[in-house]
Amino acid sequence: MTGWTLFLTMLGAAVLIAQFFRLIDLIERPRSHAPLSALLQKDWQALLSDLRRHKWMFWKN
């Protein structure tokens, strides 16, 4: 293994470990991401209310 291969392997491992810890942080602190989830929930409820207003017709009617 050359020096560059070792360096790039260690760099890749460091990047993967950093992303892993960011994922753990995201899972452990969901309150810090609540505005995004609230926004998505509001959009989802608006979509569902639009779907409920329409009369759906199927080919078997």
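Our structure's up above, just so we're on the same page.
Our subject in this report is the structure included herewith. Since the model is a prediction, treat every value here as computed from it, not as a measurement.

What counts, and at which threshold
- Residues numbered from 1 in each chain as written.
- Predicted model: local features only at pLDDT ≥ 70, side-chain atom pairs only at ≥ 80, totals over all residues.
- Heavy atoms only, no water.
- Phe/Tyr/Trp six-rings, centres within 6.5 Å; stacked < 30°, edge-to-face > 60°.
- Helix = DSSP H or I, 4+ residues; strand = E, 2+ residues; numbered from the N terminus.
- Buried < 20%, exposed > 50% of the residue type's maximum accessible area, 1.4 Å probe, protein only.
- Patch = residues over 30% accessible without salt bridge, like charges linked within 9 Å, V, L, I, M, F, W, Y side chains within 5 Å.
- Areas by Shrake-Rupley, 256 points an atom, 1.4 Å probe, with all protein chains shown as cover.
- Salt bridge = Lys/Arg side-chain N within 4 Å of Asp/Glu carboxyl O.

All told, the structure shown has two aromatic pairs when counted by the stated rule. Taken together, a centroid distance of 5.9 Å and an interplanar angle of 85 degrees make the contact between tryptophan 4 and phenylalanine 7 edge-to-face. Of the two residues, tryptophan 4 and phenylalanine 7 are both situated in helix 1 (residues 3–28); the distance of three residues between them amounts to about one turn of the helix. Judged by relative accessible area, which is 46%, phenylalanine 7 ranks as partly exposed. Measuring from centroid to centroid gives 5.7 Å for phenylalanine 20 and phenylalanine 21, while their planes differ by 65 degrees, and the two rings are edge-to-face.

Now for a nonpolar patch on the surface. Side chains of Trp4, Phe7, Leu8, Leu11 and Val15 sit close together on the surface and give an oily, nonpolar patch of about 560 Å² of accessible area. Checked against the element boundaries, valine 15 lands in helix 1.

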